[in-house]
Amino acid sequence: MDTIFILLMVLIMIASVLLVIVVMAQNPKGGGLSSTFGGASSAQFGVQRTNDFMEKATWTLGATIIVLILLSVVITGKPSTAAPVQVPAKKEAPAKQSAAPASTTVPAQTPAPTK
């Protein structure tokens, strides 16, 4: 169970790093990598395809991260079907008792004779 969890966490981290790289490579105004490689002349050779690839990669990596997280929760969140381990009850020492029990009763006194 632990190896599956570790594998899923590694895959989530790899997908997260790739997502950061893809998002950082995009230009918020639509240029991104396409404007870096040649400017105006690249408009003839598939600028739109580069933007489409980056957008698809962003959505795919985001969906992959979400699926991996949900999968890790489902797999590791279930309790195991193995027999539960029984924890032995703590045994406490019996309370110490004194040799002679303490008596709090006062012996009855006889009333003094009246004259």
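Remember, it's a predicted structure, so these values are computed and weren't measured experimentally.

Participant: Describe the overall build of the protein, naming the residues involved and giving the relevant values.
Facilitator: When its secondary structure is counted, the protein shows 3 helices and 0 strands. Per-residue burial for the protein yields a buried fraction of 12% across its 115 residues. A separation of at least 24 residues holds for 73% of the contacts in the protein among residues at least 6 apart in sequence. Put simply, the protein shows about 10300 Å² of open surface, and 68% of that area lies on carbon and sulfur atoms.

Participant: Describe in detail a nonpolar patch on the surface, supporting the description with residues and values.
Facilitator: Among the surface-exposed residues, F5, I6, L7, V10, L11, M13, I14, V17, L18 and I21 lie close enough to one another that they form a single nonpolar patch of about 910 Å² accessible area. Counting through the fold element by element, V17 comes out in helix α1 (residues 2-25).

Participant: An account of α1 is needed here, citing residue identities and associated values.
Facilitator: Helix length check: α1 (24 residues) gives 35 Å between terminal C-alpha atoms against 34 Å at 1.5 Å per residue, within 8%. Those residues of α1 not exposed but buried are L8, I12, A15 and V22.

Participant: Please provide a residue-by-residue account of the nonpolar core, values included.
Facilitator: Note on soluble globular proteins: their nonpolar side chains tend to be buried together. Grouped together as the largest cluster of nonpolar side chains are 9 residues: L8, I12, A15, V22, M54, A57, L61, I65 and L68. Looking at which element gives the most residues to this core, the answer is helix α3 (residues 47-77), with 5 residues. Sequence-distant contacts of I12, that is, excluding residues within four places in its chain, are made with I65, L68 and I69.

Participant: Tell me about the confidence of the model for the protein, and name the residues and values.
Facilitator: When pLDDT is averaged along the protein, the result is 75, and 58% of the positions lie at 70 or above. At the level of individual helices and strands, the protein shows its lowest average pLDDT in helix α2 (residues 32-36), which scores 56, and its highest in α1, which scores 91.

Participant: Give a detailed account of the side chain of S72, specifying residues and quantitative values.
Facilitator: Looking at the secondary structure, you find S72 in helix α3. On the accessibility criterion, S72 (4% relative accessible area) is buried. Among residues more than four places away in sequence, those in contact with S72 are L8, M9 and G77.

Procedures and definitions
Each chain carries its own residue numbering, running from 1 in the written order of its sequence. In view of the model being predicted, local features appear only for residues whose pLDDT reaches at least 70, and side-chain atom pairs are presented and counted only at 80 or more, with totals across whole chains, interfaces and linings using the full set of residues. Note that water and hydrogens are dropped before the side-chain values are worked out from all heavy atoms of the structure. Under the scheme used here, helices are H or I runs from DSSP no shorter than 4 residues and strands are E runs no shorter than 2 residues, and both carry numbers assigned from the N terminus. For the exposure calls, accessible area comes from a 1.4 Å probe over protein chains only, and a residue counts as buried if that area is under 20% of its type's maximum, exposed if over 50%, partly exposed in between. Contact criterion: two residues are considered in contact whenever any of their non-hydrogen atoms come within 4.5 Å of each other. Surface accessibility follows the Shrake-Rupley procedure with a 1.4 Å probe radius. Residue values consider only the protein chains on display as shielding. Any residue with relative accessible area above 30% and no salt bridge may belong to a patch, with like charges joined within 9 Å and the nonpolar Val, Leu, Ile, Met, Phe, Trp and Tyr side chains within 5 Å. The salt bridge definition used is simple: a Lys or Arg side-chain nitrogen within 4 Å of an Asp or Glu carboxyl oxygen. By definition here, a helix of n residues has an expected span of 1.5 Å times n minus one. Throughout, nonpolar core names a set of buried Ala, Val, Leu, Ile, Met, Phe, Trp, Tyr and Cys residues whose side chains join them through atoms within 4.5 Å. Note on scores: pLDDT gives the predictor's confidence for each residue, bounded by 0 and 100.

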